[in-house]
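A structural walkthrough
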Amino acid sequence: MKKDIDFHQVTGVKLAIAKEEVVGQTEWGVYIINHNLIELHMVMITSKGYGTIDGEERKTSTLRHVIKELGAQSIAKIEPIDPALFALTNEFWVSYYILNQIFDKKFVFVQGSMEPQHIQHIQELGLDGVLHS
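Bear in mind the structure is a predicted one, so any value in this text is a computation, not a measurement.

By the secondary structure assignment, Gly 29 is in strand S2 (residues 25-34). The exposure class of Gly 29 is buried, given its relative accessible area of 0%. For the pair Gly 29 and Ile 102, spaced 73 residues apart in sequence, the C-alpha separation works out to 26 Å. Every residue in contact with Gly 29, bar those within four places of it in the chain, is listed here: Ala 16, Ile 17, Ala 18, Lys 77, Glu 79, Pro 80 and Ile 81.

Below, the structure written as structure tokens:
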């Protein structure tokens, strides 16, 4: 049972949604940033979007990703994201191991968090976007 697992507090791991220019097109992506001085193993990420658009409940498919190893102080792109999904709440559940300890955290980008006034330069990526810690 999940209640029997001793989850430790997540520190040094952040998620970002950022945009980059690729062949003259703006593309958005979701990134995981490991600030820790040790690598993360078996990083498992589930993502889903949900909310209301034009008075209608909307829900995306749940996507699952695995990164076998994310090196110390490194970054990985998790998935591209369609800007149309910014009208929804986007949730990313991240679990990983450091040595034999499991860590688990939910990162939630609420509706409106990707509005232009929230976009700023993310130094770690060298891109503009929203950083969640």
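Attention shifts here to unusual backbone geometry. Positioned with a positive phi, Gln 73 is a non-glycine residue whose angle comes to about 45°. Relative to the elements of secondary structure, Gln 73 occurs in the loop between strand S5 (63-70) and strand S6 (74-80). Of note, the phi angle at Leu 99 is positive, near 55°, even though the residue is not glycine. Structurally, the position occupied by Leu 99 is in the loop between strand S7 (89-98) and strand S8 (101-109). For Leu 99, a relative accessible area of 68% translates into the label exposed.

Parameters and conventions
Residues numbered from 1 in each chain as written. Predicted model: local features only at pLDDT ≥ 70, side-chain atom pairs only at ≥ 80, totals over all residues. Heavy atoms only, no water. Helix = DSSP H or I, 4+ residues; strand = E, 2+ residues; numbered from the N terminus. Buried < 20%, exposed > 50% of the residue type's maximum accessible area, 1.4 Å probe, protein only. Contact = heavy atoms within 4.5 Å.

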